[in-house]
Amino acid sequence: MKSGTVAVVGKANAGKSTLVNVLVGEKVAIVSPKPQTTRDRILGIRNSENAQIVFVDTPGIYKSNTVLSDVMIRTAESSAKDVDVILYVHDGHKGIVDSDIALMKKFLSYGIPMMIAYTKIDILPPENIPSDARKLSEEGITCDVYPVSARKGKNILKLEEAIAEMLPEGEPLFPENVLSDKSEKFMIGEIMREKILLKYDQEIPHGVAVLVNVFKKREEGNIYDIDLDIICEKANHKAILIGKQGKALKETLSFARKDMEKLLDAKVFLTAYVKVKDDWRDRANLLKEYGYEDNPQSDF
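The model shown is predicted, which means the values in this text are computed figures rather than measured ones.

Analysis parameters
Residues numbered from 1 in each chain as written. Predicted model: local features only at pLDDT ≥ 70, side-chain atom pairs only at ≥ 80, totals over all residues. Heavy atoms only, no water. Helix = DSSP H or I, 4+ residues; strand = E, 2+ residues; numbered from the N terminus. Rg over C-alpha atoms; globule rule 2.2 N^0.38 Å. Contact = heavy atoms within 4.5 Å. Lys, Arg positive; Asp, Glu negative; His and termini not counted. Charge placed at Lys NZ, Arg CZ, Asp CG, Glu CD. Buried < 20%, exposed > 50% of the residue type's maximum accessible area, 1.4 Å probe, protein only. Polar contact = N/O pair within 3.5 Å; in protein donor to acceptor, adjacent residues only side chain to side chain. Axes fitted to C-alpha atoms, helices over the stretch in contact; angles between N-to-C directions. Parallel < 35°, antiparallel > 145°, perpendicular 65-115°, else oblique. Nonpolar A, V, L, I, M, F, W, Y, C, P; charged D, E, K, R; others polar. Core = buried A, V, L, I, M, F, W, Y, C linked by side-chain atoms within 4.5 Å. Pairing = 2+ DSSP bridges. Patch = residues over 30% accessible without salt bridge, like charges linked within 9 Å, V, L, I, M, F, W, Y side chains within 5 Å. Areas by Shrake-Rupley, 256 points an atom, 1.4 Å probe, with all protein chains shown as cover. Salt bridge = Lys/Arg side-chain N within 4 Å of Asp/Glu carboxyl O.

### Some remarks on the overall build of the protein
Okay, step 1: For the protein, the count of helices and strands is 10 helices and 9 strands.
Okay, step 2: Relative to its length of 300 residues, the protein is compact, with a C-alpha radius of gyration of 20 Å against a globular reference of 19 Å.
Okay, step 3: Expressed along its principal axes, the backbone C-alpha trace of the protein runs to roughly 55 × 40 × 35 Å.
Okay, step 4: Taking all contacts inside the protein whose residues are at least 6 apart in sequence as the whole, residues at least 24 apart take part in 74%.
Okay, step 5: Across the protein, the 43 positively charged side chains and the 46 negatively charged ones have centroids separated by 7 Å.

Right under this line is the structure:
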């Protein structure tokens, strides 16, 4: 059978995590319309009759002047150097500019087989696709381009088959029942962060981290107690996150709890506290404490 690893890379908001979730067939990565939704390297595993594809979802490449952003970019780049195939995800709706070409060439320079998923074809004029494909070819980007729509499921099977074909022959890297390398506790924190990204304005979510302090199943009954901290950078951000008489936070927690209960298939008692840590995204000791490691080692 075919078995191997595929780094999913590209600019922020290209649709990487959405595509990975669709390819895996389960939600293994959070999604939102905001840049830098994905902060960690997350494995999503697709098992089929003839192949096991281990997708490595990486943080999007995004210009930002914080230490956290630098760590995220290095995570994406290092993850792409230790795989069998690179799947570069490009937002076709945004066209192709010089920075796209430069980034594609950078990943091509790693010497690893690469293919391009040209996404969001459901919301762009069909004539843009051959035009952009020609532009890529003229710029020396000669790898295969697969126009897809993750939202509509268009050409997803064709892309999956093409990826599997590029992988080496070998035994599965993970047991068949494993869908991700991340724990339930990790996913609880990510669900909370996803709901903050979806509920609040553009700037505040970027400065938020979530720490899960308590994640415990009760001895009796199918119930989990979850206690977490929501870390923000400024006192006024804390006020916005909590809202008038705590309304905003209560709504966000209710929103998150529903997805947590779905993930755990259990009832959840959720408590959260909002704390301020000034400029935590630029403080290496806090980044480490919050789990944002620089250049994480590969586990496969």
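### Observations regarding the environment of Asp229
Okay, step 1: Within the element layout of this structure, Asp229 appears in strand β8 (residues 223-232).
Okay, step 2: Classification of Asp229 by relative accessible area gives buried; the value is 8%.
Okay, step 3: A sequence separation of 45 residues divides Asp229 from Val274, and the C-alpha atoms of the two residues are 5.9 Å apart.
Okay, step 4: Sequence-distant contacts of Asp229, that is, excluding residues within four places in its chain, are made with Ala209, Val210, Leu211, Asn213, Tyr273 and Lys275.
Okay, step 5: Looking at Asp229, its side chain comes within polar contact range of the side chain of Asn213, at 3.1 Å.
Okay, step 6: Side-chain polar atoms of Asp229 contact the side chain of Lys275, separated by 3.2 Å.

### Let's talk about the packing of helix α1 (residues 16-24) against helix α5 (residues 156-166)
Okay, step 1: Between α1 and α5, the least distance of the axes is 11 Å, while the angle of their chain directions is 85°. As summarised for this structure, α1 and α5 are arranged roughly perpendicular, according to the angle between their axes. Where α1 approaches α5, its residues Leu19, Val22 and Leu23 are matched on the opposing element by Ile156, Leu159 and Glu160.
Okay, step 2: Looking at side-chain class alone, the contact of α1 with α5 contains 5 nonpolar, no polar and 1 charged residues.

### Let's talk about the packing of helix α8 (residues 235-242) against helix α9 (residues 247-264)
Okay, step 1: Contact geometry of α8 with α9 gives a least axis separation of 5 Å together with a crossing angle of 65°. Residues Ile240, Leu241 and Ile242 of α8 form the contact with α9, whose own contacting residues are Lys247, Ala248 and Leu249.
Okay, step 2: Of the residues that constitute the contact of α8 with α9, the class distribution is 5 nonpolar, no polar and 1 charged.

### A few points about the nonpolar core
Okay, step 1: Counting residues in hydrophobic clusters, the biggest one holds 26 residues, and the most contacted among them are Met192, Ile226, Leu228, Ile230, Leu241 and Met260.
Okay, step 2: Only α6 (184-199), β7 (209-217), β8, α9 and β9 (267-276) provide two or more residues apiece to this core.
Okay, step 3: If you tally residues by element for this core, the top one is α9, at 6 residues.
Okay, step 4: Non-local contacts of Ile226, meaning those with residues more than four positions away in its chain, are made with Ile188, Val212, Val214, Phe215, Met260, Leu264, Val268, Phe269, Leu270 and Thr271.

### Re the sheet that holds strand β2 (residues 42-47)
By definition, the strands of a sheet pair up through backbone hydrogen bonds, in either a parallel or an antiparallel sense.
Okay, step 1: Pairing within the open sheet is mixed, and its 6 strands lie in the order β2-β3-β1-β4-β5-β6. A single partner strand is all that each edge strand has here, and the edge strands are β2 and β6 (145-147). Averaged over neighbouring strand pairs, the angle between their axes works out to 25° when direction is ignored.
Okay, step 2: Here strand β1 (residues 2-9) runs beside strand β3 (residues 51-57); their pairing, made up of 7 bridges, is parallel. Of the residues in β3, the one forming a bridge with Thr5 is Val54.
Okay, step 3: Strands in contact with helix α4 (residues 128-138) are β5 (114-119) and β6; relative to β5, the strand with the most contacts, it is inclined by about 150°.

### Concerning the pairing of β1
Okay, step 1: Burial analysis of β1 places 8 of its 8 residues in the buried class, which makes it a mostly covered element.
Okay, step 2: Of the two faces of β1, the one carrying Lys2, Gly4, Val6 and Val8 and the one carrying Ser3, Thr5, Ala7 and Val9 are both buried.

### A short note on a negative patch on the surface
Okay, step 1: Negative charge collects at one region of the surface, where Asp70, Asp278, Asp279 and Asp282 lie side by side.
Okay, step 2: Within the element layout of this structure, Asp279 appears in the loop between β9 and α10 (284-289).
Okay, step 3: Relative accessible area serves as the criterion here: at 43%, Asp279 is assigned to the partly exposed category.

### With respect to the sheet that holds β7
Okay, step 1: The strand order across the open sheet formed by 3 strands is β7-β8-β9, and the pairing between neighbours is mixed. Two strands lie at the open edges of the sheet, namely β7 and β9, each paired on one side alone. Across the sheet, the mean angle from the axis of one strand to that of its neighbour is 15°, orientation sign disregarded.
Okay, step 2: Two elements, β7 and β8, share 8 bridges in a ladder whose sense is antiparallel. Bridge pairing links Val214 to Asp227 in β8.
Okay, step 3: Where α6 meets the sheet, it contacts β7 and β8, and its direction lies at approximately 135° from that of β7.
Okay, step 4: Docked against the sheet, α8 engages β8 and β9, running at close to 155° with respect to β9.

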